[in-house]
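Below, each chain spelled out in residue letters.
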Amino acid sequence: MDILKTENLKSYYILEMGTEKKEVKAVNDVTIGIHEDEIYGIAGESGCGKSTFLKTICKLVEPPLRMVGGSIYYAVDGKYVDVAEVKEEEFRKLRWKYISYIPQGSMNALNPIIRVKESFKDFFTAHQKINDEKKDFEEPLKQHLSALGLPMRVLKSYPHQLSGGMRQRTTIALATILKPRIIVADEPTTALDVVAQRAVIQLLKDIQKLQKNTIILVTHDMAVHANITDRIGIMYAGMFVEEAKTEEIFENPLHPYTRFLIASLPKMGDKSYKPSVPGTPPSLSNLPPGCPFHPRCPYVMDICRKERPPLVETNTDHKSACFLSSKEGLQ
Amino acid sequence: MESFKELMKDGRFKFAFIVICVLAFMSLLSFFSPYNPLKWNVVPRDLPPRWPHIFGTTSQGQDLFWQSTFAIRNSLTIALIASSISRVIAIIVGLVAGYRGGRTDTILMSINDSFVVMPLLPILILIASVMRGNLTMVALGLILSLFGWAWDARVIRSQVLSLREREFTYTAILSGTKTFNLVIKEYFPFIIPIIFSTIINNMIWAIGMEVTLAILGLTNIEVPTIGTMIHWAVNYQSMLLGYWWWILTPVVISIFLFVALYLLSSSLSEYLDPRTRIQRIGEARG
Amino acid sequence: MNKKDNNPEKEELIRAKNLQEVFVIGGGFARSRLLAVDDVSFQVNKNEIFTLAGESGCGKTTVSKILLGFLEPTQGEVYYKNKFIGDLRKWEEKKEFMKEVQSIFQNPFETFNPLRKVDSYLCDTAKYFGMMKGKGDKKAIEEALQSVGLGMEEVEGRYPSEFSGGQLQRISIARALITKPSLLVADEPVSMVDASLRMSIVNLFKELRDNHGVSVLYITHDLATAYYVSDRIGIMFRGNIIEMGDVEEVLMNPKHPYTQMLKQSIPEADPKKKWIERVSITELETEEYMRKGCKFAGRCAFIMEKCKDHMPEEIFVDGRMVRCWLYGGEKKE
Amino acid sequence: MLFFKRYLLPRLVQFLVVVFVGITIVFIVPRLSPADPVQEVINRITSQGAFLDPAAVDNMRKSLTELYGLGGNVFQQYFAFWGRLFRGDFGPSLFQFPTPVTQLIMNSLPWTAGLLIATTLISWIVGNFLGGIAGYFKNRRWAKILDNVCMVIRPIPYYIFALLLLILFAYLFPVFPSAGGYSVGRRIGFNWAFISDVLKHSFLPAISLMVLGMAANFMTMKLIVSNIVAEDYVMYAKAGGLKESKIAFKYVFKNGLLPQITGLALSLGQIFGGALITEIVFSYPGIGTLIYGAINSGDYNLIMGVTSLSVIGIAGATLIIDLLYPLFDPRIRYR
């Protein structure tokens, strides 16, 4: 049972520059299913649309970004709800109780002029009534923080008094205070030093085990994916080009782009020549026809220049969008 | 020219541009004025606005239309003197404080801040009352320029401070450019938009100050400027006696001038803001 | 001096000796001093890629600025080809030094002024360093662009915003190569470039070292690329070089507890090698900077009394230098 | 202790620098003018035909020089000037001889203070409130209209706007008295009759100051808020499902007010100048009219006294606002 499904999801940045209109196709017809109780990783280079995909499924769509087509289904109490139809006031109740959001490591996500405890209270009271301050709010909050190994002094301090790693862990505690079903994390470890990054990854793993929910983790760092995710989806030019279990992606990548991505990762103790993906990433405002990777793909065929390969299951629980693999599969 | 067409699409710029053209044309007309602005009783007195005196005439027997052409020209000259000189001071102070940093920066900025915080009007009144009548247009322009640079020096300094830390400063040094032409080549494209928008804001301030001092009778009230016109209108109790056109002409002209300059400055600073210019460059060939 | 470290046939190119840089935080009257760079000594030899690795805020960028002559160190000297660079006062002398020691920067989009055409930098470099025979002689520029796999027509008359990060970084390298330098300082050159294109830049460094005789000072926090590309490496922590030597030795069997923890904390791109034990993180960075003695004492599992007192001088063990009391070394009187 | 050294001390030093630079200018300017003020007063008296024997003229010259503090070389004058300043003695007013200048200033100061403080506070609160809402709900129609209206009002200098109001209210629909602080013959006392009379008289100058102040605050606050709306913590609060009203007030609006506090401190000088001029247009009995009278009568001491006090007053007010700022911004309180 998928906890979150998208069908032909399209969301573009509509930019009016002077006279003509420019459409940046950040999410380009994506159909994907994310299971319950798993850590689903989304990998891809900068400018491949992964952050936009996150914003769209969380309905954090602000102009110039606009959801142009397709639908998003949440599995709320067993039945699918098409979130695109739900009105904002109604959807507001779902926020943080059903789906919450962890920002990038470098972002100051907490209100700078109120104490951390005050921020927790704002998020808490937005969804849960507090009649007895101590029992309904303070006790569960203290328990939640100690479960995540955070010192209590964090509550009394202001965001600017915390170190980068500490602030990020506090934001994670905030995102998990109401025990949501889905936690969406957008590059949670960038801009953190490597030790703080490891602590954050550990924290996310513990939370997932503790609350049995689903974490959707977006990062460009394949090594982070290797360490934490159960399944990975590779995004390229606004589309999912491959999706499989983590071990499968690293051992037997099918799509040429994924192959290059895995091959180009430097490893300790291995000084052999590491190739780099030829050419330059496509601009999302004028995509090449057919498969967007075809200008850089060494195995390019005629069909690749004309049609866009669908994301098709070629092996068990291993989808890829490339005529090379699906053609063989077809034969 | 292409950028001009784009600017014209912005309503504020279009209105401002038209009004300024009209005022500039009027100030040019002053060279062909049939009457000598300093002479009185050249036309019948107190005529309401009717052809040939389209703005009417004053109790001093001067034609208001030709008088206002001189007024606009003189006010604009004073404003240009004041704002151009104060730009030079602002750039020097801003660049030196921003680029050298350290002790020079703290000293320069503390003096600069005292000019920002200080109430300038009483001081200008003091200066003007000391110089009494012989406050000519150029002298007034110079005095206003001495007090009009503080706010913008701070703006330029913060821009230079941020530019100094950016990596292309080091790339320029490593490309062999010396400090002086590094500032010209690298920093000026960022500073020029600031100079442009602050020149106009400073002109507004300067004209406002000139009007205020003239009304207090502290400047050379023979020379027709927007301020002196109002001064005579108020002194001759033009409102009480019902010569409404005498007081309304300078007031309306000044409002048009101030609003037009303000809209020009805000639309220009938006257009010239480096961030939007970069997008436009990218988009032009994107 | 680190005698053991440099074997005879390696000719020394640039050497830093006991560098120290004090940052003053808090302006006006509330000054507190912070040792951003504390007693750093190392050298880069000819035809070698030396890496200076460490977390953000460990002082490695400050060291690179001192080496390039942009920053006057509070203490310590820098010798280029055995000449003290502090004596270079006149602009001509400085230019001579810059001709030999060039640099590229972290953020490709900030390396070039967004309001100036990219090729204006290439022409400036060629013009000011006399690499142009006649007026329009673009040979040196074409050559440099060619060595990074770019053509003149791709670059001429365009603005930085029209290129991708990877392309801009290659143009930046080309600009640095115009003066045929013998040392290229690369400060975090690939951290802002996409993972898949990262290798093209890193392989370029190898090619520069082997075919163009350019040595590279590679500054990074990414140990994986450091292992792949460099010959020797120095690990920095809170302003000190705590371990330095051959990259195979230092990274494959690290001695200093911080290097060990650093290596373990880097996620391996291999699902089978997941982390097991937990790690503790620092409360506040400045706290560690201010600490007397070994700055890692707060988090070190092998802490001893003397660690709190002061750090040992350079100790040589297993072919690398390490500053940790675990490996002997007498108490400095 | 650290907070005092890092934040308060620099502000105090800045206050002293402002006062020093201001007072030095007030000291230097009259000495630049070629005309010797003492000689001018003597010419004015002798020109009125009264014959005075030379001894009396010399006597007068000596006492006037002493009175003007022009004795001794420049430095002695300078120190004497500061000495008198600390004693609050600006010498007697030359026009209403012998009443001391400080006395005259003290009479008109409460009028100006009342007008200035009331209008600045009201225009700051209302201007920021409207600007905040207009910035948050950018595409509402009323926000756009109000924005355009303010865009036209903001550049108009105080004098012209005051004049416009005078023409509009005093002559076309004479609802409000066009001059004075209270009607002639009204006994000054703390009773309702007198107060309502004062309010009626000060209505036009107050309105003129408030409208301009509101327009300026509206525009700046609208700009600040439209930037804050794009900040990370606002987007994060939206993702957290907080109510729109809480986000608008506690996250956007409260953060937006902080730069407006420093903005107020920096613009006090200009607001004060504007108040002076508006008083003169409506001949409201404050410092403005006082200085206007001093100009016409060439009363140097009074002008120098008013200028010095306004420099010290405004610098003091700015210092107070700067010192209050940490109470609102925890980032400064807890470095």
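Residues numbered from 1 in each chain as written. Chains lettered and ligands numbered in written order. Predicted model: local features only at pLDDT ≥ 70, side-chain atom pairs only at ≥ 80, totals over all residues. Heavy atoms only, no water.

So, the overall build of chain A
Across its full length, chain A holds twelve helices and twelve strands. Whereas a compact globule of 331 residues would reach a radius of gyration of roughly 20 Å, chain A reaches 21 Å, a difference of no more than 12%. Here the C-alpha coordinates of chain A stretch approximately 70 × 50 × 45 Å along the principal axes. The buried share of chain A, taken over its 331 residues, is 59%. Once local pairs closer than 6 in sequence are excluded, the contacts in chain A between residues at least 24 apart make up 64%. Averaging the coordinates of the 44 positive side-chain charges in chain A and doing the same for the 41 negative ones gives two points 4 Å apart. (Helix = DSSP H or I, 4+ residues; strand = E, 2+ residues; numbered from the N terminus. Rg over C-alpha atoms; globule rule 2.2 N^0.38 Å. Buried < 20%, exposed > 50% of the residue type's maximum accessible area, 1.4 Å probe, protein only. Contact = heavy atoms within 4.5 Å. Lys, Arg positive; Asp, Glu negative; His and termini not counted. Charge placed at Lys NZ, Arg CZ, Asp CG, Glu CD.)

Description of the nonpolar core
Judged by nonpolar contacts, the single largest core of 239 residues is most densely connected at Phe147 and Ile230 of chain B together with Phe205 and Ile235 of chain C. Formed by 92 residues, the second largest nonpolar core is a distinct cluster that contains Ile172, Leu204 and Val224 of chain A together with Val234 of chain D. (Core = buried A, V, L, I, M, F, W, Y, C linked by side-chain atoms within 4.5 Å.)

Describing the sheet that holds strand S10 (residues 240-246) of chain C
Residue and element names in this part refer to chain C. Spatially, S6-S7-S8-S3-S9-S10-S12-S11 is the arrangement adopted by the eight strands of the open sheet, whose pairing is mixed. Both outer strands of the open sheet, strand S6 (101-104) and strand S11 (315-317), are each paired with one neighbouring strand and no more. Between one strand axis and the next, the sheet turns through 20° on average, direction left out of account. Across five bridges, the pairing between strand S3 (residues 49-54) and strand S8 (residues 215-220) is parallel. Counted as the bridge partner of Phe50 is Leu217 from S8. (Pairing = 2+ DSSP bridges. Axes fitted to C-alpha atoms, helices over the stretch in contact; angles between N-to-C directions.)

Points about the interface of chain A and chain C
Residue-level contacts link 48 residues of chain A with 46 residues of chain C. Summing both sides of the interface, chain A and chain C together bury roughly 4,100 Å²; the carbon and sulfur share of this comes to 59%. A per-residue breakdown of the area chain A buries against chain C is headed by Arg198, Met268 and Lys271 of chain A, which together make up 21% of the total. For the pair chain A and chain C, the interface holds zero salt bridges. Scanning the region where chain A abuts chain C turns up six residue pairs in polar contact (both at pLDDT 80 or more). The element best represented in the side of chain A that touches chain C is helix H7 (residues 194-211) of chain A, accounting for ten residues. Across the side of chain A that touches chain C, the residue classes tally to 18 nonpolar, 16 polar and 14 charged. (Buried area = accessible area lost by both parts, 1.4 Å probe. Salt bridge = Lys/Arg side-chain N within 4 Å of Asp/Glu carboxyl O. Polar contact = N/O pair within 3.5 Å; in protein donor to acceptor, adjacent residues only side chain to side chain. Nonpolar A, V, L, I, M, F, W, Y, C, P; charged D, E, K, R; others polar.)

What to know about the packing of aromatic side chains
Tallied over the full model, the rule gives 46 aromatic pairs over all chains. Between Tyr170 of chain B and Phe70 of chain C, the ring centres sit 4.7 Å apart and the planes meet at 40°, which makes this aromatic pair tilted. Of this pair, Tyr170 of chain B sits in helix H8 (residues 167-174) while Phe70 of chain C is found in the loop between helix H1 (60-67) and strand S4 (75-80), placing the two residues in two different chains. By relative accessible area, which is 14% here, Tyr170 of chain B ends up buried. A ring pair is formed by Phe20 of chain D and Trp82 of chain D, whose centres lie 6.4 Å apart and whose planes are at 10°; its orientation type is stacked. Of the two residues, Phe20 of chain D sits in helix H1 (residues 2-32) while Trp82 of chain D sits in helix H4 (residues 74-87), which places them 62 residues apart along the sequence. Each member of the aromatic cluster is reached from another via a ring pair, and the members are Phe20, Phe27, Tyr78, Phe79, Phe81, Trp82 and Phe86 of chain D. The lysine or arginine in question, Arg73 of chain B, covers the ring of Phe31 of chain B, its NZ or CZ lying 4.4 Å from the ring centre. (Phe/Tyr/Trp six-rings, centres within 6.5 Å; stacked < 30°, edge-to-face > 60°. Lys NZ or Arg CZ within 6 Å of the ring centre and 35° of its normal.)

Here's the deal with the pattern of salt bridges
Counted according to the given criterion, the structure contains 48 salt bridges over all chains. For the salt bridge of Arg95 of chain A with Glu88 of chain A, the shortest nitrogen-to-oxygen distance reads 3.5 Å. For Arg95 of chain A, a relative accessible area of 6% gives the class buried. Of the charged contacts, one joins Lys139 of chain C and Glu143 of chain C as a salt bridge, the two residues approaching to 3.4 Å between their closest N and O atoms. A residue pair is termed a helical-turn pair when its members lie 3 or 4 positions apart in one helix, as Lys139 of chain C and Glu143 of chain C do in helix H5 (residues 139-147) at four residues.

What to know about unusual backbone geometry
Between Pro63 of chain A and the following residue, Pro64 of chain A, the backbone shows a cis peptide bond with an omega angle of 5°. Structurally, the position occupied by Pro64 of chain A is in the loop between helix H1 (50-57) and strand S4 (65-76). Cis geometry marks the peptide bond from Trp51 of chain B to Pro52 of chain B, where omega comes out at -5°. Inspection of the secondary structure puts Pro52 of chain B in the loop between helix H2 (11-29) and helix H3 (64-100). The residue Asp77 of chain A is not glycine, and still its phi comes out positive at about 45°. Among the secondary structure elements, Asp77 of chain A is positioned in the loop between S4 and strand S5 (79-82). Of note, Asp318 of chain C is a non-glycine position whose phi angle comes to about 50°, a positive value.

A closer look at the side chain of Ser27 of chain B
Residues and elements named next belong to chain B. If you trace the backbone, Ser27 turns up in helix H2. For Ser27, a relative accessible area of 10% gives the class buried. Excluding residues that lie within four positions of it along the chain, Ser27 makes contacts with Thr69, Ile72 and Arg73.

Let's talk about the packing of H3 of chain B against helix H6 (residues 137-147) of chain B
Residues and elements named next belong to chain B. The geometry of H3 relative to H6 is characterised by a closest axis approach of 8 Å and an angle of 35° between their N-to-C directions. In this structure, H3 crosses over H6, and the sense of that crossing is right-handed. Contact with H3, carried on its side by Asn74, Thr77, Ile78, Ile81, Ala82, Ile85, Ser86 and Ile89, involves Met137, Val138, Leu140, Gly141, Leu142, Leu144, Ser145 and Leu146 of H6 and no other residues of that element. Taken together, the residues of the contact of H3 with H6 sort by class into eleven nonpolar, five polar and no charged. (Left-handed = near helix turned anticlockwise from the far one by under 90°.)

Topic: the confidence of the model for chain B
Predicted confidence across chain B gives a mean pLDDT of 86, with 95% of residues reaching 70 or more. The ipTM for the predicted assembly is 0.82, set against a pTM of 0.84. (pLDDT = per-residue confidence, 0-100.)

A short note on a negative patch on the surface
Residues and elements named next belong to chain A. Together, Glu36, Asp37, Asp230 and Glu247 line one region of the surface with negative charge. Tracing the chain through its elements places Asp37 in the loop between strand S2 (21-35) and strand S3 (39-43). On the basis of relative accessibility, which here comes to 38%, the residue Asp37 falls in the partly exposed class. (Patch = residues over 30% accessible without salt bridge, like charges linked within 9 Å, V, L, I, M, F, W, Y side chains within 5 Å. Areas by Shrake-Rupley, 256 points an atom, 1.4 Å probe, with all protein chains shown as cover.)

Comments concerning the packing of helix H9 (residues 232-239) of chain D against helix H10 (residues 244-281) of chain D
All names here are of chain D. Where H9 meets H10, the closest approach of the two axes is 11 Å, and the angle between their N-to-C directions is 175°. Judged by the inter-axis angle, H9 sits roughly antiparallel to H10. Across the interface between the two elements, Tyr233, Val234, Ala237 and Lys238 from H9 touch Ile247, Tyr251, Val252 and Asn255 from H10. Class assignment for the residues of the contact of H9 with H10 results in six nonpolar, one polar and one charged. (Parallel < 35°, antiparallel > 145°, perpendicular 65-115°, else oblique.)

Focus on the sheet that holds strand S6 (residues 99-102) of chain A
Residue and element names in this part refer to chain A. The eight strands are arranged S6-S7-S8-S3-S9-S10-S12-S11 in an open sheet whose pairing can be described as mixed. Each having just a single partner strand, S6 and strand S11 (312-315) make up the two edges of the open sheet. Taken pair by pair, the neighbouring strands of this sheet meet at an average axis angle of 25°, ignoring direction. Alignment of S3 against strand S9 (residues 231-236), held across four bridges, turns out to be parallel. Considered in S9, the bridge of Tyr40 is made with Arg231. H7 rests against S3, S6, strand S7 (182-186) and strand S8 (214-218) of the sheet, and its axis sits at about 155° to S8.

Quick look at the environment of Met131 of chain B
Positionally, Met131 of chain B belongs in helix H5 (residues 120-131). We classify Met131 of chain B as partly exposed; its relative accessible area is 27%.

Re H9 of chain D
With six of eight residues buried, H9 of chain D lies mostly within the body of the structure. Considered for burial, the residues of H9 of chain D that qualify are Tyr233, Val234, Met235, Tyr236, Ala237 and Ala239 of chain D. The elements touched by buried residues of H9 of chain D are S6, helix H3 (116-125) and helix H6 (164-175) of chain A together with helix H8 (192-228) and H10 of chain D. Just beyond H9 of chain D, the residue with positive phi is Gly241 of chain D, at close to 75°.

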